[in-house]
Amino acid sequence: MELYVQKFGGSSMRDAERVRNVAKIVTKTWDQNKNVVVVVSAQGDTTDDLIAKANELNPKASKREMDVLLSTGEQISISLLAMTIEGMGYPVKSFTGWQAGFLTDSTHSNARIRNINKQRIENELQKRTIVIVAGFQGVNRYDDITTLGRGGSDTSAVALAAVLHADRCQIYTDVDGVYTADPRIVKNAVKLGAISYDEMLELASLGAQVLHNRSVEMAKRYNVDLEVLSSLEKKPGTIIKEDASVEKMIIRGVAKDANVARISLVEVPDQPGIAFKVFSILASKKINVDIILQSIGRDGTKDITFTVAKDHLEETVEVLNANRDKIGHKEVLTDDQVAKVSIVGAGMESNPGVASKMFEALYSANINIQMISTSEIKVSVLIDINDAKRAVVAIHDAFYNN
Ligand code: ADP
Ligand code: ASP
Ligand code: MG
């Protein structure tokens, strides 16, 4: 019997009407003689609301306690969906992440899945039970609750699809597929029928929140047949697969990431080993650094500028200042009013002039570039956060309307 994993995000689960709608999609799939494992996220803005509640009481709460709190959002969703489906007369059971066997590492708030003990789910599927699993959560080896990072329910779904060898993993959301840019920002964005794992991974990593980047990484590794589609409109979505070169486009998409902050280490000694020191200190604290820029040395000193995720800004500055003796910087400057805008496309490698076209679009829109970074299949720029939406539209226009 075919097995489908279907994931429904917060917007698809927002209120009673939407939960009923999800129940309809799930039971319809079951009626078509398929087994179904459903993964759900917290309803609407529940996760943000829980974070706000925590901040009221302790803005510096430990990540362990934050995970205990945030995991409750998904538990509300699984039970509500299960009782709705129950009411429709179908066999159904809900499971928290730990009941479903999700074992993760101990990186609270951003844990990685280590293993899924799938026995319980498989037993239920054999009985034709509709299995509903809370996304975004697991336990570490001490049985402490962990969460997988914002947007992590997508990764729960793909991981389940991989271990259960599902025939398809469907990510239902509030848009009907993956577009060349966020359709909420760019009105004439184009829906992609298909996109390769690699391009989707870049888009997701660069801020296209429609899929959690780790879910794409995992789908690629385990060759999971992945589809993004709408829970509100019945139409084909976007397929993510190994080779999607059918559509000949140089640029596959434009992405924006506002979860970025810029940090400058001013006047560090201009000697070998300084960059190594700075970035190994940050790596040991599990702080991910993205774009890096180093100035030419002058009078024995230079500046090193780099970006980190906004929620790591405070911690990064603390770590840098705690290591001032080792690094030798004069001061640390920060700016969290920045955003990263990127273009992605596997066709870029063989098409010179792509980057300059992007820069021209920004110039024409009078948007200043603070930093640039490139790879074979992407170009990213760091700009003022207030210019970000305009930049996405201008760049998208330059590539798609000519
Ligand atoms: P869910 O609650 O279903 O997980 P998300 O809000 O996480 O939904 O992701 C869906 C959103 O991703 C869309 O509403 C859209 O605004 C945004 N998005 C950003 N970039 C893209 C893109 N390239 N294609 C489609 N949607 C995108
Ligand atoms: N509820 C979590 C979040 O808001 C996980 C998810 O939506 O995938 O980040
Ligand atoms: Mg999401």
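Each remark here, short or long, concerns the structure printed above.
Note that the coordinates shown come from a computational prediction; the quantities given were computed from them, not determined experimentally.

Remarks on the side chain of K340
Following the sequence through the fold, K340 ends up in strand β16 (residues 331-344). K340 gets classed as buried once you look at its relative accessible area, which sits at 5%. Side-chain polar atoms of K340 contact the side chain of D290, separated by 2.5 Å. Ignoring anything within four residues of it in the chain, the contact list for K340 reads L206, A255, K256, D257, V260, D290, I291, S380, V381 and L382.

Topic: helix α5 (residues 153-163)
Here α5 lies mainly inside the structure; ten of its eleven residues are buried. Looking at α5, one finds that the buried residues are S153, D154, T155, S156, A157, V158, A159, L160, A161 and A162. Just downstream of α5 lies H165, where phi reads positive at about 50°.

Side note on the environment of T238
Examined against the element boundaries, T238 turns out to sit in strand β12 (residues 238-241). Residue class for T238 comes out buried when judged on its relative accessible area of 0%. For the pair T238 and K93, spaced 145 residues apart in sequence, the C-alpha separation works out to 29 Å. The residues contacting T238, other than those within four sequence positions of it, are D176, G177, V178, K191, L192, G193, A194, I195, L226, E227 and V228.

Quick notes on the sheet that holds strand β15 (residues 301-309)
If you walk across this open sheet you meet the six strands as β14-β15-β13-β16-β18-β17, and the pairing is antiparallel. Looking at the sheet topology across the chains shown, the edges are occupied by β14 (289-294) and β17 (371-375). If you compare each strand with its neighbour and ignore which way they point, the axes differ by 30° on average. For strand β13 (residues 253-269) and β15, the ladder comprises eight bridges, and the chain directions are antiparallel. Paired with L265 across the strands is I304, a residue of β15. Packing of helix α6 (residues 197-205) onto the sheet brings it into contact with β13, β16, β17 and β18 (378-384), and relative to β13 it is tilted by some 60°. This element, helix α11 (residues 354-364), spans β16, β17 and β18 of the sheet and lies at about 20° to β18.

Considerations on the environment of P269
By the element assignment, P269 lies in strand β13. In the structure, P269 is positioned 59 residues away from G328 in sequence and 6.6 Å away in space, judged by C-alpha atoms. If we skip the residues at most four places from it in the chain, P269 touches I274, G300, T301, K302, I327 and G328.

Regarding the packing of aromatic side chains
Using the criterion set out here, one finds three aromatic pairs in the structure. Aromatic side chains F279 and F306 sit 5.3 Å apart centroid to centroid with 80° between the ring planes, which places their arrangement in the edge-to-face category. With F279 in helix α8 (residues 274-284) and F306 in strand β15, the pair connects residues that are 27 residues apart, well separated along the chain. Assessed through its relative accessible area of 0%, F306 is described here as buried. Lying across the ring of Y4, K34 places its NZ or CZ 4.9 Å from the centre. Lying over the aromatic face of W30, R128 brings its terminal NZ or CZ to 4.2 Å of the ring centre.

Concerning the site of ligand 2
Surrounding ligand 2, one finds S41, A42, T47, E74, F136, R150, G151, G152 and S153. G152 has a polar backbone atom sitting 3.4 Å from an oxygen atom of ligand 2. Separating an oxygen atom of ligand 2 from a backbone N or O atom of S153 is a distance of 3.0 Å. About the coverage of ligand 2: the protein hides 86% of its 260 Å² of free accessible area. Counted by class, the shell around ligand 2 contains two nonpolar, five polar and two charged residues.

Thoughts on the sheet that holds strand β9 (residues 168-173)
Ordered by their spatial adjacency, eight strands build an open sheet running β3-β6-β2-β1-β9-β11-β12-β10, and the pairing between neighbours is mixed. Both outer strands of the open sheet, β3 (92-95) and β10 (194-196), are each paired with one neighbouring strand and no more. Within this sheet the neighbouring strands show an average axis-to-axis angle of 20°, counted without direction. Pairing geometry for β9 and strand β11 (residues 226-230), over five bridges, is parallel. Opposite Q170, over in β11, you have E227 as the bridge partner.

The rules behind these values
Every chain's residues receive numbers from 1 upward, in the order its sequence appears when written. The lettering of chains begins at A and the numbering of ligands begins at 1, in the order of writing. Given that this is a predicted model, residues contribute local features only at a pLDDT of at least 70 and side-chain atom pairs are listed and counted only at 80 or more, while totals for whole chains, interfaces and linings are drawn from all residues. Side-chain figures throughout are based on the complete set of non-hydrogen atoms in the structure, without hydrogens or water. Here a strand is any run of E in DSSP of at least two residues, a helix any run of H or I of at least four, and the numbering for each starts at the N terminus. To sort residues, take the accessible area from a 1.4 Å probe on protein chains only and compare it with the maximum for the residue type: under 20% means buried, over 50% means exposed, and anything in between is partly exposed. Pairs of N or O atoms within 3.5 Å make up the polar contacts considered here, provided that, within protein, one atom can donate a hydrogen while the other can accept it, and that residues adjacent in sequence are counted only when both atoms are side-chain atoms. Residue contacts follow a heavy-atom distance rule, with two residues in contact if any of their heavy atoms lie within 4.5 Å. In this description, strands pair whenever DSSP reports at least two bridges between them. Angular values range over 0 to 180 degrees, each being the angle between N-to-C directions of two axes fitted as lines to C-alpha atoms, with helices fitted over their stretch in contact. Each pair of aromatic rings taken from Phe, Tyr and Trp, with Trp reduced to its six-membered ring, is defined by centres within 6.5 Å and is described as stacked if the planes are under 30 degrees apart, edge-to-face if over 60, and tilted in the remaining cases. Whether a charge lies above a ring is judged from NZ of Lys or CZ of Arg, which has to be within 6 Å of the ring centre and within 35 degrees of the ring normal. Whether a residue is near a molecule or strand is decided by its heavy atoms; if any one of them lies within 4 Å of it, the residue is near. Exposure was quantified through the Shrake-Rupley algorithm and a 1.4 Å probe, taking into account, for residues, occlusion by the shown protein chains and nothing else. Polar here means any residue outside two lists: the nonpolar Ala, Val, Leu, Ile, Met, Phe, Trp, Tyr, Cys and Pro, and the charged Asp, Glu, Lys and Arg; Gly therefore counts as polar.

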